[in-house]
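# Descriptive structure summary
Read off the chains here:
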Amino acid sequence: MSLTFHWFLPTYGDSRHVVGGGHGLPAGAAGGQRPADLGYLTQIGRAAEQLGFVGALTPTGAWCEDAWLTTAMLARETERLKFLVAFRPGFVAPTLAAQMAATFQRHAPGRLLLNVVTGGESHEQRAYGDFLDKDARYARTGEFLSIVRDLWQGETVTFKGEHLQVEEAKLARVPDPVPPVYFGGSSPAAGLVAARHSDVYLTWGEPPAQVAEKIEWIRGLAAKEGRTVRFGIRLHVITRDTADQAWAEARRLLEGFSPDAIKAVQAGLARSESEGQRRMLALHGGSTDGLEISPNLWAGIGLVRGGAGTALVGSHTEVAERIEEYSRLGIDEFIMSGHPHVEEAYWFGEGVLPRLAEAGLWTHPTAAGAGAGAAVSVPFAAEVRR
């Protein structure tokens, strides 16, 4: 089976340096020299589409643009790219969310993927009017997904839970196809929701041994529910023609992190309630030393950015080998990103994906009927990379 690769839409701005934002950081903390306007995001989307990425993750939070509205606009500017829309169940009623998904699938057929984000930061949730604690938010997410999935099956739903209630809810038109649900979380409460409701369980880029433990954990929980779950991983990437060039770029990014910026970001992230964020912080401990925590896995991004904080760094061959290592553990979907997102998409698409194709692990989505190792032309990349 061909591995699936997604790219990322930085709806908070982009730069040749790492742009922060995310878990534990205040609204307005993110931002870059390249504003996240529709023209620039379209440029990223079209590059990703051309290179062979299946979809693009669009984040959610007070620090970025709204994912639903942004991707609905970008669907008209691209041809086949799918959009992994991150959204928080506490902010949208389940019937409305089910209807929004159906509408999206009707106007952009088959191009919606849903990343359900429970929300790990109470202070940010309260800004949106949500005053539940973390465990209650996960319980509500489970109720939300139960309602939404029944509505997507065309059922008339009456549901009375601890947090959500609907009466005789029904969709005039169900989504076709039903969008897959992507879900992540490292706490026990998150694991139960993932086992019962997710199609794809997502983990941030931890070392392979830790990822293997997570996969085993979720597989076991899902088996108890009579379900199977696919697995995906969220990583940044710095890939170049040689390992020296890639690590030189990592050092350049690190040199742009001032001690004051690292201290401020780490103080904000330390307040996070997210277990996944805690695990990310533990990989580097706020120090700029010893950031290669596993072969070709660099924890430097997490010094100044919340959420996914690790990057695969190395030659194209080395990065392809690390991806193959994760795939052997059971990961078959990879959500990648890099700064800046246009240029790094080409480095990865030109350098790594052809090597995975040669190994029989990847096929370009438009190469219908082609063998797994079929070469795919990627024109104009040299100009973009300069």
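Residues numbered from 1 in each chain as written. Predicted model: local features only at pLDDT ≥ 70, side-chain atom pairs only at ≥ 80, totals over all residues. Heavy atoms only, no water.

## Looking at the pairing of strand E5 (residues 157–160)
Inspection of the sheet shows E5 paired to strand E6 (residues 165–169) by three bridges, in the antiparallel sense. Bridging from a neighbouring strand, Lys160 pairs with Gln165 of E6. The loop that links E5 with its antiparallel partner E6 comprises four residues. (Pairing = 2+ DSSP bridges. Helix = DSSP H or I, 4+ residues; strand = E, 2+ residues; numbered from the N terminus.)

## Section: the nonpolar core
Among the nonpolar cores identified, the biggest contains 78 residues, and Phe5, Ile323 and Phe348 are the most heavily contacted of them. The element contributing the most residues to this core is helix H5 (residues 134–152), with seven residues. Setting aside anything within four residues of it in sequence, one finds Phe348 in contact with Phe5, Phe53, Val237, Thr239, Val319, Ile323, Met336 and Leu353. (Core = buried A, V, L, I, M, F, W, Y, C linked by side-chain atoms within 4.5 Å. Buried < 20%, exposed > 50% of the residue type's maximum accessible area, 1.4 Å probe, protein only. Contact = heavy atoms within 4.5 Å.)

## Concerning empty space enclosed by the protein
A full pass over the atoms with the stated rule returns three cavities of 30 Å³ or more. A volume near 730 Å³ is recorded for the largest cavity. Lining the largest cavity are 39 residues, and of these His23, Asn115, Val117, Trp204 and Gly307 lie nearest its centre. In terms of residue count, strand E8 (residues 200–204) provides more of the lining of the largest cavity than any other element does, three residues in total. Along the lines of polarity and charge, the residues of the lining of the largest cavity split into 13 nonpolar, 17 polar and nine charged. (1 Å grid on protein atoms, 1.4 Å probe; cavity = no way out; pocket = protein on both sides within 12 Å on 5 of 7 lines; lining within 4 Å. Points joined across faces, edges and corners; volume = space filled by probe spheres on them. Nonpolar A, V, L, I, M, F, W, Y, C, P; charged D, E, K, R; others polar.)

## Section: the packing of aromatic side chains
Taken as a whole, this structure holds twelve aromatic pairs when the rule is applied. Plain terms: the ring middles of Tyr12 and Trp63 are 5.1 Å apart, the flat faces sit at 50 degrees to each other, and that makes the pair tilted. One end of the pair, Tyr12, is in the loop between strand E1 (4–8) and helix H1 (38–51); the other, Trp63, is in the loop between strand E2 (55–58) and helix H2 (67–75), and 51 residues separate them in sequence. Taken individually, Tyr12 and Trp63 each receive the classification buried, so the pair is uniform in this respect. Chaining the aromatic ring pairs together yields one cluster made of Phe5, Trp7, Phe53, Phe334 and Phe348. The side chain of Arg234 reaches across the aromatic face of Phe8, ending 4.5 Å from its centre. (Phe/Tyr/Trp six-rings, centres within 6.5 Å; stacked < 30°, edge-to-face > 60°. Lys NZ or Arg CZ within 6 Å of the ring centre and 35° of its normal.)

## What to know about the confidence of the model for the protein chain
In the predicted model, the protein chain carries a mean pLDDT of 93, and 93% of its residues have values of at least 70. A low-confidence stretch, residues 369–386 (pLDDT under 50), is modelled with 26 contacts involving residues beyond four sequence positions or located in other chains. (pLDDT = per-residue confidence, 0-100.)

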